[in-house]
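Given next are the chains, with one letter for each unit.
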Amino acid sequence: MSRQRTPLTVAPMAGKDRNRRDVPGGRRFRAHISSEARAAEAGSAAVTGTGAWDKAGMYSAAPRSGPWRRALGVAVGIATLLAGCTVGPDFLSPKAPTTPGYTAPGEKNLPAGSGGEAAQHLALGNKISGEWWQLFHSPDLDRVLRQAIADNRTLLAARATLAEAQEAVSQATGAVYPQVNIGAGAVRQKFDYQAFGLKQPSQVFNLYTIGPNVSYALDVFGGIRRQIEQEAALAEYQDYQLAAAYLTLTGNTVMQALAIAALHAQAKAVADIVADDEENLRLVQQELAVGMANRIDIETATSQLENDRTLLPPLDQQLSVARHALSVLVGKAPADWEPPEFELSALVLPGELPVSLPSELMRQRPDIVAAEARLHAASAAVGVATARLYPSLTLSASLTQEALTPDQVFHGYNNAWALGLNLTAPIFQGGALEAQKRGAIDAFNATLAEYQQTVLQSLSQVADVLQALAHDARLIEAQRRALGSAESTMDLTRRTYAVGNVGILQLLTAQRFLEQARLGYVRAVAQRYLDTAQLFVAMGGGWWDQQEPSPSRSEPSGEGKK
């Protein structure tokens, strides 16, 4: 039988298919698929109850005596020949992007370090380590990440969801094998002979039955195999969703730790500003004592001091929020866990920034490979819908013991057996099956567009972070110069005010410039750390190097149940 194909707009990846993914996570479900294909091709011989897998991975059935078993073996042999026909499209991975870079033409790259600032450079083509946060050289950060990976509730939920999807694959695989049941019954029955024209009185008797029955759906057109393929792709999607949850967790944990460090640095800068305000107030009070200042100067200096003190409560609130968010990420209530006191001065800014090529990014971003797995599932769904347009065959067999008394049930002369091959073919469904197939193709095209959009957004995100790092380096350099100038101006203005050559307004103006320069510099340094972490996340975070523990299973507890 020739293979039926549905034309789809999937562009094949040169030299690669779905089962040859470079990322290790893409191979986790291949054993499922290969075993199901093997069962579909030869496993039908297991209906006879004999046989074994040989070293080559093929199933061979030993002959059994009995007319119904021989007839069943012939039918199974025919079904095995027909099982090689699979309708629907064969999925191929989309092509990798051909764009050579991330940023637009004319956009500047990272500048060389100058003025004592830490230099960063791009390492094009390098991959990120699975524990990329170690590049910040913070033992506290490493310890918090280990705790978050072990106890985060979102990650635990993603692991359980993956286990559920894997069981769905096993459930779909069950349809490949023969379905064996055993039935037993005892009924009291009245038989009316007069209904058949016989002049005999009605007879009441007991009937006892017991015996196995076997049914096997012959997957002639591959609908079952496509269903298994779809479930395996959905399980792979959940696998990558777990990787995405891992990447999100590690990224958010690092971001919150850096936010705590940045807020500590800003709070220290505000404390220095308040100290300068207090020094200015002391200087004005000295001038008032010798008659060179008045009460207005005192009130002006006091007002500046109190205004700058209002900068601390918002920073404290942001610090509390960041600490609480970090507690949730590590799976603890804020009252039960206290995060480390991260400091920017204790962190090392990574100097080498690994940047993968755009063609490699689609294998490193979990959102991209997850979108591709959904595309694979949509492709298999087209095959499932196509197979429903074709006839279905079901092979059935039963061996029953029937007797009027229980002690005669297992006698050989009471055997009754049946062997059947049932054919069901769709003739007229009001166009429902054709519409279902067209809808599956439309769903595939929609999923393909979503996949392409995910790729474009990923490339754009990397470009944004690369430009942010370039702008961070220039901003820090400018803020450093502004801070140096503001410190010199403040020192000169304060000494000039002491000898009466400038007024209080000039002193406070210089103070405001210094305040803005200090906070601006601290924020620029902190943003550079945050954008560096964002680049590691945008590149995929090296999740493929992590060995995720197998999801643990336990019976549901009483918690959360009524």
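All residue numbers here refer to positions counted from 1 along the written sequence of the relevant chain. In keeping with the predicted nature of the model, local features appear solely for residues at pLDDT of at least 70, side-chain atom pairs appear and are counted solely at 80 or more, and the whole-chain, interface and lining totals rest on all residues. Excluded from the side-chain calculations are hydrogens and water; all other atoms, namely the structure's heavy atoms, are used.

### Re the overall build of the protein
Tallying secondary structure elements over the protein gives 11 helices and eight strands in all. For the exposure calls, accessible area comes from a 1.4 Å probe over protein chains only, and a residue counts as buried if that area is under 20% of its type's maximum, exposed if over 50%, partly exposed in between. Scored against the burial criterion, the 562 residues of the protein give a buried share of 43%. At a minimum sequence separation of 6, the contacts of the protein that also span at least 24 residues come to 83%. Residue burial considers only the protein chains on display, and all accessible areas are found by Shrake-Rupley using a 1.4 Å probe. Of the roughly 28,900 Å² of accessible surface on the protein, a fraction of 55% belongs to carbon and sulfur atoms. Put simply, DSSP marks the helices as runs of H or I at least four residues long and the strands as runs of E at least two long, and each gets a number from the N terminus on. Here a residue-residue contact requires only that any non-hydrogen atoms of the pair lie within 4.5 Å.

### Quick word on the sheet that holds strand E7 (residues 392–403)
What the four strands build is an open sheet, ordered E4-E5-E7-E8; its pairing is antiparallel. Looking at which strands have only one partner, the edges of the open sheet turn out to be strand E4 (179–191) and strand E8 (415–424). Each strand axis lies, on average, 25° off the axis of its neighbour in the sheet, ignoring direction. Only strands joined by at least two bridges in the DSSP assignment are considered to pair. Bridge count between E7 and E8: 10 bridges; the pairing is antiparallel. The residue of E8 that forms the bridge with Thr394 is Asn422. Whenever a helix is involved, its axis is fitted only over the stretch in contact; in every case the axis is a line through C-alpha atoms, and angles between N-to-C directions fall within 0 to 180 degrees.

### Let's talk about the side chain of Asp531
Secondary-structure assignment places Asp531 in helix H11 (residues 504–538). Residues scored as charged are limited to Lys and Arg (positive) and Asp and Glu (negative), so that His and the chain ends carry no count. The salt bridge criterion pairs a side-chain nitrogen of Lys or Arg with a carboxyl oxygen of Asp or Glu, the two atoms within 4 Å. No salt bridge is formed by the buried Asp531, whose closest oppositely charged neighbour, Arg528, lies at an N-O distance of 8.4 Å. Beyond its immediate chain neighbours, meaning those up to four positions away, Asp531 contacts Val465, Ala468, Leu469 and Asp472.

### Things to note about the environment of Asn213
Mapped onto the elements of the fold, Asn213 is located in strand E5 (residues 203–218). By relative accessible area, which is 31% here, Asn213 ends up partly exposed. The spatial distance from the C-alpha of Asn213 to the C-alpha of Gly183 is 7.6 Å, given a sequence separation of 30 residues.

### Thoughts on the pattern of salt bridges
Oppositely charged side chains may form a pair once their charged atoms are brought near each other. The final tally for this structure, using the stated rule, is 18 salt bridges. Measuring nitrogen to oxygen at the nearest pair gives 2.8 Å for the salt bridge that ties Arg323 to Glu341. Of the two residues, Arg323 is situated in helix H7 (residues 312–329) and Glu341 in the loop between H7 and strand E6 (352–355); the sequence distance between them amounts to 18 residues. Among the charged side chains, a salt-bridge network with shared partners connects Asp90, Arg226 and Glu229.

### Topic: the nonpolar core
The nonpolar core is taken to be a set of buried Ala, Val, Leu, Ile, Met, Phe, Trp, Tyr and Cys residues, with the residues joined through side-chain atoms within 4.5 Å. Counting residues in hydrophobic clusters, the biggest one holds 97 residues, and the most contacted among them are Tyr102, Trp132, Phe136 and Val254. The leading source of residues in this core is helix H5 (residues 223–289), at 23 residues.

### As for the packing of helix H10 (residues 432–498) against H11
For the pair H10 and H11, interaxial distance at closest approach is 7 Å and the crossing angle is 160°. In this view, H10 runs roughly antiparallel relative to H11, as classed from their interaxial angle. Here H10 runs over H11; the crossing is left-handed. Under the convention adopted here, Pro, Cys and the residues Ala, Val, Leu, Ile, Met, Phe, Trp and Tyr are nonpolar, Asp, Glu, Lys and Arg are charged, and Gly plus all remaining residues are polar. Taken together, the residues that form the contact of H10 with H11 break down as 24 nonpolar, 10 polar and seven charged. Here is the rule for angles: anything less than 35 degrees is roughly parallel, anything more than 145 is roughly antiparallel, 65 through 115 is roughly perpendicular, and the remaining ranges are oblique. Here a crossing is called left-handed whenever its near helix is offset anticlockwise from the far helix by less than a right angle, and right-handed whenever the offset is clockwise.

### Here we look at H11
The end-to-end C-alpha distance of H11 is 50 Å, a good match for the 51 Å that 35 residues give at a rise of 1.5 Å each. Burial analysis of H11 places 25 of its 35 residues in the buried class, which makes it a mostly covered element. Gly540 occupies a position one or two residues after H11 and carries a positive phi of about 105°. Each helix should span, by expectation, one fewer than its residue count multiplied by 1.5 Å.

### Section: H7
Look at H7: 26 Å from first C-alpha to last across 18 residues, which is about the 26 Å you get at 1.5 Å a residue. Among the structural elements, helix H3 (139–151) and H5 are those in contact with the buried residues of H7. After H7 finishes, the residue Gly331 shows a positive phi value of roughly 80°.

### Examining the packing of aromatic side chains
In this scheme Phe, Tyr and Trp rings, the latter by its six-membered ring, pair at centre separations within 6.5 Å, and the angle between planes marks the pair as stacked below 30 degrees, edge-to-face above 60, and tilted otherwise. This structure, assessed with the given rule, holds six aromatic pairs. Plain terms: the ring middles of Trp132 and Phe536 are 5.4 Å apart, the flat faces sit at 40° to each other, and that makes the pair tilted. Here Trp132, found in the loop between strand E3 (121–124) and H3, pairs with Phe536, found in helix H11; they are 404 residues apart in sequence, far enough to count as distant. For the pair shown, Trp132 and Phe536 are each scored as buried. Chaining the aromatic ring pairs together yields one cluster made of Trp132, Trp133 and Phe536.

### Notes on the environment of Asp472
Mapped onto the secondary structure, Asp472 falls in helix H10. Since its relative accessible area comes to 7%, Asp472 is described here as buried. The spatial distance from the C-alpha of Asp472 to the C-alpha of Tyr529 is 9.4 Å, given a sequence separation of 57 residues. Once residues within four sequence positions are removed from consideration, Asp472 is found in contact with Gln527, Arg528 and Asp531.

### Side note on the confidence of the model for the protein
Should pLDDT be low for a region, the predicted coordinates there are not to be read in detail. Across the protein, the average pLDDT comes to 80, with 81% of residues at 70 or higher. The low-confidence segment residues 1–83, where pLDDT is below 50, has 147 contacts with residues more than four positions distant or belonging to other chains. Under a pLDDT of 50 for its full length, residues 549–562 has, in the predicted model, seven contacts with residues more than four places off or in other chains. For every residue, the predictor assigns a confidence score, pLDDT, that lies between 0 and 100.

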